Amino acid sequence: MSTEKLICGLNETQITELKAQHGLLIEGTVKQGDNEYKAIFKEPDFKTLEATGAIAKNNEIKGTKALFDNCLVAADDAIKQRDFLQLKAVECVANHMNSFSVSVKNL
């Protein structure tokens, strides 16, 4: 029996191939009670951020769904099937953006 840990049904080799195709990948986890759901997102580029931001100005849910659709690489079946899980999973992309720190210095 294999002890290889799968993420969204993908093994390490498959994830490495996806990294080569999409660049940086974000693993997101949504917890509900004792259940844990995983999704893998690619980091959004300016084009995606601009488009989804424009959509969100008129409808935040549609903008969030567009971000999910444009950045999702893989997800557990439950996330694919449940709208609210999709909304929560895409928060991982926002949390990723907020994980950067910056510093400034006057010259």
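Everything below is about the structure shown above.
First things first, this report covers the structure right here in the doc. Please read all numbers here as calculations on a predicted model, not as lab measurements.

Analysis parameters
Residues numbered from 1 in each chain as written. Predicted model: local features only at pLDDT ≥ 70, side-chain atom pairs only at ≥ 80, totals over all residues. Heavy atoms only, no water. Helix = DSSP H or I, 4+ residues; strand = E, 2+ residues; numbered from the N terminus. Contact = heavy atoms within 4.5 Å. Areas by Shrake-Rupley, 256 points an atom, 1.4 Å probe, with all protein chains shown as cover. Lys, Arg positive; Asp, Glu negative; His and termini not counted. Charge placed at Lys NZ, Arg CZ, Asp CG, Glu CD. Pairing = 2+ DSSP bridges. Axes fitted to C-alpha atoms, helices over the stretch in contact; angles between N-to-C directions. Buried < 20%, exposed > 50% of the residue type's maximum accessible area, 1.4 Å probe, protein only.

1. Re the overall build of the protein
- In terms of regular secondary structure, the protein is built from five helices and three strands.
- Dimensions of the protein along its principal axes, counting C-alpha atoms only, are 60 × 40 × 30 Å.
- Restricting to contacts in the protein with at least 6 residues of sequence separation, those with at least 24 account for 53%.
- When the accessible surface of the protein is totalled, it reaches about 7,900 Å², and 50% of it is carbon and sulfur.
- Computed over 13 positive and 15 negative side-chain charges, the inter-centroid distance for the protein is 5 Å.

2. Quick notes on the sheet that holds strand β3 (residues 72-75)
- Strands sit in the order β1-β2-β3 across an open sheet of three strands; the sheet is antiparallel. Each of the sheet's edge strands pairs with one partner strand only, and the pair in question is β1 (25-32) and β3. Sheet twist, expressed as the mean angle between neighbouring strand axes with direction ignored, is 25°.
- Here eight bridges tie β1 to strand β2 (residues 35-42), and the two strands are oriented antiparallel to one another. Across the sheet, leucine 25 pairs through a bridge with lysine 42, a residue of β2.
- Here helix α1 (residues 12-22) sits on the sheet in contact with β1, β2 and β3, set at roughly 120° to β1.

3. Regarding the environment of leucine 85
- Relative to the helices and strands, leucine 85 resides in helix α5 (residues 83-97).
- On the basis of relative accessible area, leucine 85 is assigned to the buried category, the value being 3%.
- As a C-alpha pair, leucine 85 and glycine 9 span 76 residues in sequence and 17 Å in three-dimensional space.
- Setting aside residues up to four positions removed in sequence, leucine 85 forms contacts with Val30, Tyr37, Ala78 and Ile79.

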